[in-house]
Structures are given as structure tokens and as C-alpha cells.
Amino acid sequence: MQTIISPLLVSHRLSLAPSVPRLLNNHHRAPPSIRLSSHRSTNSLRLFSSAAAAAASASRDSEMATEDVQDPRIAKIASSIRVIPDFPKPGIMFQDITTLLLDTEAFKDTIALFVERYKDKDISVVAGVEARGFIFGPPIALAIGAKFVPMRKPKKLPGKVISEEYSLEYGTDKIEMHVGAVEPGERAIIIDDLIATGGTLAAAIRLLERVGVKIVECACVIELPELKGKDKLGETPLFVLVSSA
Amino acid sequence: MSGNKEEEDPRINGIKTKIRVVPDFPKKGIMFQDITTVLLDPKAFKDTIDLFVERYRDKNISVVAGIEARGFIFGPPIALAIGAKFVPLRKPKKLPGETIFEEYELEYGNDRLEMHIGAVEAGDRALVVDDLIATGGTLCAAINLLERVGEEVVECACVIELPELKGRQRLKGKPLCMLVEYR
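Worth saying up front: this structure is predicted, and the values here are computed from it rather than measured.

Rules behind the numbers
- Residues numbered from 1 in each chain as written.
- Chains lettered and ligands numbered in written order.
- Predicted model: local features only at pLDDT ≥ 70, side-chain atom pairs only at ≥ 80, totals over all residues.
- Heavy atoms only, no water.
- Helix = DSSP H or I, 4+ residues; strand = E, 2+ residues; numbered from the N terminus.
- Rg over C-alpha atoms; globule rule 2.2 N^0.38 Å.
- Buried < 20%, exposed > 50% of the residue type's maximum accessible area, 1.4 Å probe, protein only.
- Lys, Arg positive; Asp, Glu negative; His and termini not counted.
- Charge placed at Lys NZ, Arg CZ, Asp CG, Glu CD.
- Right-handed = clockwise from strand over helix to strand, strands pointing away.
- UniProt positions renumbered as here; feature names shortened; annotations may be inferred.
- Salt bridge = Lys/Arg side-chain N within 4 Å of Asp/Glu carboxyl O.
- Contact = heavy atoms within 4.5 Å.
- Buried area = accessible area lost by both parts, 1.4 Å probe.
- Polar contact = N/O pair within 3.5 Å; in protein donor to acceptor, adjacent residues only side chain to side chain.
- Nonpolar A, V, L, I, M, F, W, Y, C, P; charged D, E, K, R; others polar.
- Expected span 1.5 Å × (residues − 1).
- pLDDT = per-residue confidence, 0-100.
- Axes fitted to C-alpha atoms, helices over the stretch in contact; angles between N-to-C directions.
- Parallel < 35°, antiparallel > 145°, perpendicular 65-115°, else oblique.
- Left-handed = near helix turned anticlockwise from the far one by under 90°.

### Some words on the overall build of chain B
So, step 1. Helices and strands together make up the secondary structure of chain B, namely five helices and ten strands.
So, step 2. In summary, chain B has a C-alpha radius of gyration of 16 Å against a globular reference of 16 Å for 183 residues, a match within 12%.
So, step 3. Structurally, chain B occupies a C-alpha span of about 40 × 40 × 30 Å along its principal axes.
So, step 4. The buried share of chain B, taken over its 183 residues, is 56%.
So, step 5. Between the centroid of the 27 positive side chains of chain B and the centroid of its 30 negative side chains there is a distance of 2 Å.

### Topic: the pairing of strand β9 (residues 214–223) of chain A
So, step 1. In terms of burial, β9 of chain A is largely enclosed, as nine of its ten residues are buried.
So, step 2. Handedness of the crossover joining strand β8 (residues 187–195) of chain A and β9 of chain A through helix α7 (residues 199–210) of chain A: right-handed.

### Describing the UniProt feature "domain: Phosphoribosyltransferase" (unreviewed entry) in chain A
So, step 1. If you check UniProt for "domain: Phosphoribosyltransferase" (unreviewed entry), the listed places come out as residues 108–231 of chain A in our numbering.
So, step 2. Secondary structure within residues 108–231 of chain A divides into 28% helix and 35% strand; the distance between the first and last C-alpha atoms comes to 30 Å.

### Here's the deal with the UniProt feature "domain: Phosphoribosyltransferase" (unreviewed entry) in chain B
So, step 1. In the UniProt entry, the feature "domain: Phosphoribosyltransferase" (unreviewed entry) is given for residues 40–166 of chain B.
So, step 2. A distance of 29 Å separates the end C-alpha atoms of residues 40–166 of chain B, which is 31% helix and 34% strand.

### A closer look at the pattern of salt bridges
In a structure, side chains of opposite charge can pair up when their charged atoms sit close to one another.
So, step 1. Under the criterion given, the structure shown has 33 salt bridges over all chains.
So, step 2. Its salt-bridge partner being K156 of chain A, residue E130 of chain A comes within 3.3 Å of it at the nearest N-O pair. Remark: K156 of chain A occurs in the loop between β5 (147–151) and β6 (161–167) and E130 of chain A occurs in the loop between β4 (125–129) and α6 (133–144); sequence separation between them is 26 residues.
So, step 3. Given the relative accessible area of 34%, K156 of chain A is considered partly exposed.
So, step 4. For D34 of chain B, the salt bridge identified is with R20 of chain B, shortest N-O distance 3.0 Å. Within this pair, whereas D34 of chain B is found in strand β3 (residues 31–34), its partner R20 of chain B is found in strand β2 (residues 20–23), the two being separated by 14 residues in sequence.
So, step 5. Looking at D34 of chain B, the relative accessible area reads 1%, which means it is buried.
So, step 6. Taken together, the shared-partner salt bridges connect D71, R73 and E116 of chain A into one network.

### Observations regarding the interface of chain B and chain A
So, step 1. In this assembly, 38 residues from chain B lie in contact with 39 residues from chain A.
So, step 2. Each partner contributes to the roughly 3,000 Å² buried at the junction of chain B and chain A, and carbon and sulfur atoms together form 69% of this total.
So, step 3. Of all residues in chain B, L40, L80 and P96 of chain B give up the largest surface area on contact with chain A, accounting jointly for 19% of the area buried on that side.
So, step 4. At the junction of chain B with chain A, the criterion picks out six residue pairs in polar contact (both at pLDDT 80 or more).
So, step 5. Elements represented by at least two residues in the side of chain B that touches chain A include exactly β2, β3, α2 (36–39), α3 (42–56), α4 (71–82) and β5 (85–89) of chain B.
So, step 6. If you tally residues by element for the side of chain B that touches chain A, the top one is α4 of chain B, at five residues.
So, step 7. In terms of residue class, the side of chain B that touches chain A is built from 22 nonpolar, five polar and eleven charged.

### Section: helix α5 (residues 137–148) of chain B
Note on helix geometry: an α-helix contains 3.6 residues per turn, so any two residues three or four positions apart are oriented the same way.
All names here are of chain B.
So, step 1. Its twelve residues give α5 an end-to-end C-alpha distance of 17 Å, which sits within 8% of 16 Å, the value for a rise of 1.5 Å per residue.
So, step 2. For α5, the buried fraction is high: nine of the twelve residues fall into the buried class.
So, step 3. When α5 is considered as a whole, its buried residues turn out to be G137, L139, C140, A141, A142, I143, N144, L145 and L146.
So, step 4. Those residues of α5 that are buried lie in contact with β4 (63–67), β5, β6 (99–105), β7 (110–116), β8 (125–133) and β9 (152–161).
So, step 5. Just downstream of α5 lies G150, where phi reads positive at about 90°.

### Description of the environment of V64 of chain B
Residue and element names in this part refer to chain B.
So, step 1. Positionally, V64 belongs in strand β4.
So, step 2. Overall, the relative accessible area of 0% leaves V64 in the buried class.
So, step 3. Along the primary structure V64 and T37 are separated by 27 residues, whereas in three dimensions their C-alpha atoms are 24 Å apart.
So, step 4. Discounting residues that sit within four places of it in the chain, V64 has contacts with G75, I78, A79, I82, A84, K85, F86, V87, L127 and V129.

### Regarding the confidence of the model for chain A
All names here are of chain A.
So, step 1. The predicted model of chain A averages 80 in pLDDT, with 72% of residues at 70 or higher.
So, step 2. Per-residue pLDDT stays below 50 along residues 1–41; that stretch engages in 119 contacts with residues further than four places along the chain or on separate chains.
So, step 3. Throughout residues 46–67 the model reports pLDDT below 50, and contacts reaching past four residues in sequence, or to other chains, amount to 43 contacts.

### Quick look at the packing of helix α5 (residues 104–118) of chain A against α6 of chain A
Residue and element names in this part refer to chain A.
So, step 1. Across the interface, α5 lies against α6 with an axial gap of 9 Å and an inter-helix angle of 50°. The angle between α5 and α6 falls in the class oblique. In the packing of α5 onto α6, the handedness of the crossing is right-handed. Where α5 approaches α6, its residues F107, T110, I111, F114, V115 and Y118 are matched on the opposing element by I135, F136, P139, I140, A143 and I144.
So, step 2. Class assignment for the residues of the contact of α5 with α6 results in eleven nonpolar, one polar and no charged.

### As for α4 of chain B
Residue and element names in this part refer to chain B.
So, step 1. With twelve residues, α4 ought to run about 16 Å at 1.5 Å a step, and its terminal C-alpha atoms sit 16 Å apart, in line with that.
So, step 2. Counting buried residues along α4, ten of its twelve residues qualify, which places the element largely inside the surrounding structure.
So, step 3. Buried within α4 we find G71, F72, I73, F74, G75, P76, P77, I78, A79 and I82.
So, step 4. Once α4 finishes, G83 follows within two positions and takes phi at roughly 75°, a positive value.

Printed below as a string of C-alpha cells:
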């Protein structure tokens, strides 16, 4: 599967200045750490730091021999994401997309990249995972003329629901969808801001498949490839804009 | 302007008929206004957003603040269309960075709404968006948060109003724009 998706052929290496979103006290902020994704089975618009690209080019010449295909909008999107160390607990580098939402160009470009990918794929359902999937899903749905289906934590949806359980580090959680929101045979994409372990997305896939929907792809702004979330998605492809390790 | 229903626009009725009323949710006696059925109709959803965008595009709004979680569905499309930033206002402990909070009353007890510090710049003109206004408590907390950091809250925008709960009076004098009333 291709990992590089872009109509533009660009051979320069992108140097990522850790640009500071016009934000606040940054004593909690580390520059976004983004390196070359080694997971070739994820479709992504990769972002390179110059050091990583140099290292990669030395070790994987044949893959880097062709032009690095890189949509120029990706750099701005990636640099607008704020990394917050030790949230929600020590050791976790939290990928904060709220700063992306404050950058009107970056937010617009993020949506445009997904819309360009899906608009001619006959998608009738955009399913968004609560709550950050609610921010990215609806603009995509509106632009491609699809329904938006919120997938929610238990007890939030007022009507009759179907649920799917999934594992957490400790214990389990559930994701729910309204009965009748989708019909068998519909083609769907599932949106969330980020894929980590893939547990939530896998549950969302199972939920939609149970009612006969075909999931064309899962789409996230960010992937944490080291957590191998892609492996939980079975046959469903994953598309991300930024791979962050 | 003390509140303004989009009158006579033919799109309004199409939106209204798509809202599903679920009795006794989350508890007996409440007629819950379910907007998920509006989202299943691409035309009704688009019309909803278009009505707000038409109203706000020339009003120099630089911030759209959306209240978790259903405000996250309507706020971002409006923000994108009018070129404003989107600021999520969230339940406690969800936002990872430094935050400020505003407490507000529930029927039993209190809850809090949080916003990231530095999300907005003093002097921005802001809109607050949610799917529905009931008592107005959450919207009032949102207005307070934005004003504390120097924003000018221009208006609150909701798809649905429950006028009998008089939430409109709790908005610190800010106008309310809604599309559909439920009595």
C-alpha cells in the first residue's frame, strides 16, 4: 500500500521549525516531535524533520530514491499541533489539536485534505467519535454531502442505541450509535482526531459493520505509530495527515 | 437586539421537522430535543449552518466558541465558513493545557466549563454556539469565561430554544439567535 499520497512531487526535505503557535505560557510545551513513520502500511502525508530525513535517506535509499511527495499544507498543520507532556498522566505526550483549531488556515487545510480524498468515493456516512471527532467529522460530511453520525459514550444518545464494548488499559468502555442512523450497504468513513492504540476505532468499525455498513477508511489527523493502532483495524485502511512519534 | 428568530426562511421548517423529540430522556418529564436526526439529513444540516453563516459572515467575528459536545458539531462548520478560530469549551479535565474555569448551577449541584488560557486574544469578537438553550446556565458560564479574558461576546447562537425556561434572560444582556422554538 502506498504510504505517500499526494499529487505534488516535491523533492526537497521539509525542515520543521518548531514554530510556536501564538499561545501562552509554553513551559509545558515541547516542540512537536515528528519523525519519519516506519509503518509503511498507513496511508499518510508524511512529515519529515531534516535530521530524520537525512537518517532515513541513508538507511532506506531505495524508498527515498523517488521524489518525496509531500503536500505543502501538511507542514503548517503539523506545526500547529501542540504537544503537552504528562497529560493525562506521566509519560504521555498528549497531542493537542486545539491549537490547530485556532489557526484558521491549518484547520481549513485539514478539512480540505480529507474532503479532497473522499469527495468522489461515494461516501454517504461520516461517523465521528466523541468528542474531538465531532469537530472534524461534520465539516467533512457537509462538504461531501454525507450524513454525520455521532458515536458516543454511554447514555448520551437519547434514542434507542446499539453499543460495542472495547478494552481500556484498565477495564472496558462502550461506544454507542443510534439505531436507524445508518442503513445496510452504506459506505462510511470514521473520523477521530487521533489514533493511538486503535481500540476506539476498532469498536466503531465493529459497530458499523454489525449493521451492514461498509467502512471505506478510518481517517485521523494524527497517528501514534508506535502504538500500532493500525493493527487493530483489520481490513479497514487508515489514512492520517501526521504521524507522530 | 434582544433575540432574533430567523423568521419566514423556508429552510427553517425543513430543519424543524427533522428534530426528533424523545420523551422522558434523560429522565421522566423531559422532552429531549434530539438533533442527531438533523445531522442525518445533509440538506437540513447544511441549511442549519448556512443560516448562521449568512447571519455572521459580515460581522467581523474572529472566535466561535462551542460548548461540549453538541456545540462541537455546529460551531466548527460556522467557524470555517466565516474564517474564525474555533475554541472548544469543555467539561473539567478534558483540556490538556492550562485552563480557566467557570462554575454553573445544575438542578442538583454544580458543574464547570473550562477553556484553554491563551486560546483567544483580548478584543476578539466572539460567538457562542450550542445546539440548544434551556435554562441558559451553560451559555452564561461560557459568556463569563470569554469576557474574563477580554472577549466581546457578540451573540449566542443555538439551533433550538426552550423559551419557557427563560434562558434568554440569563445571557448577561447578550442577544440570542435561534432557529427553532420548542414549547
